[in-house]
Amino acid sequence: MDIIFFGTFMHSTKEHSLQILENHYIGINDGQIQFLTDKEDFERLAAKFSYNLQSVRHLKPGQFLIPGLVDTHIHASQYPNAGSKMDLPLLDWLEKYTFPLEAKFSDLEFAEKCYRKVVARTLKNGTTTACYFATIHPESSLKLGEICDEYGQRAYIGKVSMDISSHSNYTETTEKSIRDTRWFIESIKKLNNPLVTPCITPRFAVNCSPSLLRALGNIAKEYGGLPIQTHINETVRERESVLKLFPKHDSYAHIYESFGLLTNKTVMAHCVYMNDCEFDTFKETEAGISHCPTSNTMLQSGIMDLRKSLDKGVKIGLGTDISGGYSASVQAAIRDGVGASKTLGMDKSKSYKPVDFKELFRLATLGGSKVLGLDDKIGNFKVGKEFDALLIDLTVTDSPCDIFGDEISEDLLQKFIFLGDDRNIVEVYVKGQQRLQNNNFLC
Ligand code: GUN
Ligand code: FE
């Protein structure tokens with residue numbers, strides 16, 4: 001037995017957006033959760049497996065464990081712009097700020113500097129799994145994979161593909177995009193790290209020719225079903241241009257579907273302007289949504305109706321969407337998701353139920369794991385899953401929030417989400433390996 005904790009565990013299940021287990025024991029062996037049990041059963045298990053009771057770590061009041069956070073959509077290469085340059089809508093913002101920044105990643109030294117910072121920052125903020133966009137450059141995209149490997153973060157890494165309608169110094173030919181994508185996949189595979197996976201990444205239909213989209217769909221299939229990520233229905237202008245570019249298709253979702261890009265491992269960012277047929281297509285193909293509320297507000301893209309999307313029964317996770325979103329913390333996406341849903345609820349009838357923090361916490365953990373097709377491995381503390389977890393401590397001396405000692409566990413979690421930050425994330429575990437202790441890396 002590697003680790004045993006005793007204390008309070010909070011996570012989500014299919015049935016419960018928030019399940020709180022107090023006075024429980026969790027046992028982790030070789031990175032996997034071997035048991036999660038109450039006191040009575042622990043004594044039986046301890047006898048059965050001859051556990052050393054001295055090695056149990058007792059959590060203190062104000063401390064609890066939650067699953068690691070899953071960021072289903074983050075542009076690692078846009079991290080230098082995070083927190084700035086948010087004065088334009090999407091298509092102008094891409095032209096003026098984002099493509100010129102991403103073009104700089106042809107310089108491997110610059111790329112390494114940025115990627116080290118973003119991986120360190122997200123891990124400190126409790127992102128144990130990230131689904132990253134890099135840039136069109138294969139070597140620097142590989143560098144991002146190597147850095148995740150070094151830091152021990154679980155990650156999907158996408159070398160971006162885009163062969164039309166971009167700046168002349170930030171575009172690729174169709175052939176080069178395909179060749180570089182193959183090279184990138186092979187190179188990531190050579191890292192031989194089960195936590196780091198290549199992800200097929202057409203930027204979006206505005207920037208990809210039909211032949212590139214078709215080739216990328218084929219490559220995903222050829223490699224036995226690689227994950228796929230892109231953007232869809234983020235803004236009205238983008239949706240209109242795409243439907244003009246592909247006049248033979250009746251919806252944006254059908255465009256991606258027709259090229260084999262909607263699968264049970266597809267992450268579709270934004271989905272603000274979806275029609276009912278598109279939701280049906282998502283359900284049929286089992287494609288998932290990455291909800292990015294911070295970005296949707298900051299780029300003035302729109303407010304996704306999260307309640308409606310949940311009612312449609314599609315898979316949904318949360319994304320920071322750096323740097324459309326300004327924060328590298330999934331906590332911020334939870335907060336902004338609550339705010340966006342309440343804002344939308346103001347205009348609706350009284351029967352409309354805004355999505356609460358517990359449901360958003362589920363999206364940030366279990367929901368994200370489903371969208372990435374990783375829910376057999378991560379997302380909650382179910383026995384048999386890998387132990388990706390955060391030890392939260394609301395009593396640290398420099399805590400940004402105050403507690404009064406009589407809070408119920410649910411309120412402690414809520415305070416952490418709304419008032420806490422990385423100072424409260426005192427330990428970070430990925431697959432049972434501790435990666436961070438009080439903001440210091442252990443790798
Ligand atoms: N659509 C295409 N590219 C991007 C991007 O970099 N950020 C966002 N938010 N939307 C996009
Ligand atoms: Fe994005």
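Everything that follows concerns the structure shown earlier in this document.
Predicted model only: the values in this text are computed from it and were never measured.

Asker: Account for the overall build of the protein chain, naming residues and giving values.
Answerer: Looking only at helices and strands, one finds 14 helices and 19 strands in the protein chain. A compact globule built from 443 residues would reach a C-alpha radius of gyration of about 22 Å, and the protein chain, at 21 Å, matches this within 12%. Summarising its shape, the C-alpha atoms of the protein chain cover approximately 65 × 55 × 40 Å along the three principal directions. Put simply, the protein chain has 443 residues, and 60% of those count as buried.

Asker: Which residues make up the coordination of the iron ion (ligand 2), and what values go with them?
Answerer: Taken together, the protein ligands of the iron ion (ligand 2) are His73 (NE2), His75 (NE2), His231 (NE2) and Asp321 (OD), with distances of 2.0 to 2.3 Å. One can describe the donor arrangement at the iron ion (ligand 2) as irregular, given that its four donor atoms subtend angles of 87 to 176° at the metal. Here the donor residues of the iron ion (ligand 2) share one chain and are spaced in sequence as H-x1-H-x155-H-x89-D. Of the two residues, His73 is situated in strand E6 (residues 69-75) and His231 in strand E12 (residues 228-232); the sequence distance between them amounts to 158 residues.

Asker: Break down the sheet that holds E6 for me, citing the residues and quoting the values.
Answerer: Hydrogen bonding along the main chain pairs the strands of a sheet, whether they run parallel or antiparallel. The strand order across the open sheet formed by four strands is E6-E7-E8-E10, and the pairing between neighbours is parallel. Two strands close off the open sheet at either side, each with one partner strand: E6 and strand E10 (196-198). The average angle at which neighbouring strand axes cross in this sheet is 15°, direction not considered. As defined by bridge partners, E6 adjoins strand E7 (residues 127-133) across five bridges and the pair is classed as parallel. Residue pairing in the sheet places Ile74 in a bridge with Tyr132 of E7.

Asker: Can you tell me about helix H2 (residues 90-103), naming the residues and giving the values?
Answerer: The principal kink in H2, of about 35°, is found at Tyr97, preceding the proline Pro100 by one to four residues. Counting buried positions along H2 yields ten of 14 residues, so the element is predominantly enclosed. Taken as a whole, H2 has its buried residues at Leu90, Leu91, Trp93, Leu94, Tyr97, Thr98, Phe99, Leu101, Glu102 and Ala103. Next to the buried residues of H2 lie E6, helix H3 (108-124) and helix H7 (236-245).

Asker: Explain the packing of H3 against helix H4 (residues 138-151) to me, using residue names and the numbers behind them.
Answerer: Across the interface, H3 lies against H4 with an axial gap of 9 Å and an inter-helix angle of 35°. For the element pair H3 and H4, the recorded crossing hand is right-handed. Of the residues in H4, those in contact with Leu108, Ala111, Glu112, Tyr115, Arg116, Val119, Ala120 and Leu123 of H3 are Glu139, Ser140, Lys143, Leu144, Ile147, Cys148, Glu150 and Tyr151. Here the contact of H3 with H4 is composed, by residue class, of ten nonpolar, one polar and five charged.

Asker: How would you sum up the sheet that holds E12? Please name residues and give values.
Answerer: On the basis of which strands lie adjacent, the open sheet formed by four strands has the order E12-E13-E14-E15 and parallel pairing. Looking at strand neighbours, the two that pair on one side only are E12 and strand E15 (315-318), the edges of this open sheet. On average, each strand axis in the sheet is inclined to that of its neighbour by 30°, with strand direction left out of account. Bridging between E12 and strand E13 (residues 266-270) involves five bridges; their strand directions are parallel. Among the inter-strand pairings, Gln229 is bridged to a residue of E13, identified as Val267. Those strands touched by helix H13 (residues 357-371) are E13, strand E14 (288-291) and E15, and its axis lies near 115° from that of E15.

Asker: An account of the packing of aromatic side chains is requested, with residue identities and associated values reported.
Answerer: To describe a pair of aromatic rings, you give the distance between the ring centres and the angle between the ring planes. Evaluated as defined, the whole model comprises 14 aromatic pairs. Centre to centre, the rings of Phe6 and Tyr25 are 4.6 Å apart; their planes meet at 45°, and the pair counts as tilted. Of this pair, Phe6 sits in strand E1 (residues 3-11) while Tyr25 sits in strand E2 (residues 19-29); the two residues are 19 residues apart in sequence, bridging distant segments of the chain. On the numbers, 5.4 Å between centres and 55° between planes, the contact of Phe387 with Tyr429 is tilted. Residue Phe387 is found in the loop between H13 and strand E16 (389-393), and its partner Tyr429 is found in strand E17 (residues 425-430); the two are separated by 42 residues along the sequence. Assessed through its relative accessible area of 0%, Phe387 is described here as buried. Through a chain of ring-to-ring contacts, three or more aromatic side chains come together here, namely Phe5, Phe9, Phe381, Phe387 and Tyr429.

Conventions used here
- Residues numbered from 1 in each chain as written.
- Chains lettered and ligands numbered in written order.
- Predicted model: local features only at pLDDT ≥ 70, side-chain atom pairs only at ≥ 80, totals over all residues.
- Heavy atoms only, no water.
- Helix = DSSP H or I, 4+ residues; strand = E, 2+ residues; numbered from the N terminus.
- Rg over C-alpha atoms; globule rule 2.2 N^0.38 Å.
- Buried < 20%, exposed > 50% of the residue type's maximum accessible area, 1.4 Å probe, protein only.
- Donors = N, O, S within 2.8 Å, 3.2 Å for Na, K, Ca; no water.
- Tetrahedral: all angles 85-135°; square planar, octahedral: opposite > 155°, others 65-115°.
- Pairing = 2+ DSSP bridges.
- Axes fitted to C-alpha atoms, helices over the stretch in contact; angles between N-to-C directions.
- Bend = angle between axes of the 7 residues up to and from the residue.
- Contact = heavy atoms within 4.5 Å.
- Left-handed = near helix turned anticlockwise from the far one by under 90°.
- Nonpolar A, V, L, I, M, F, W, Y, C, P; charged D, E, K, R; others polar.
- Phe/Tyr/Trp six-rings, centres within 6.5 Å; stacked < 30°, edge-to-face > 60°.

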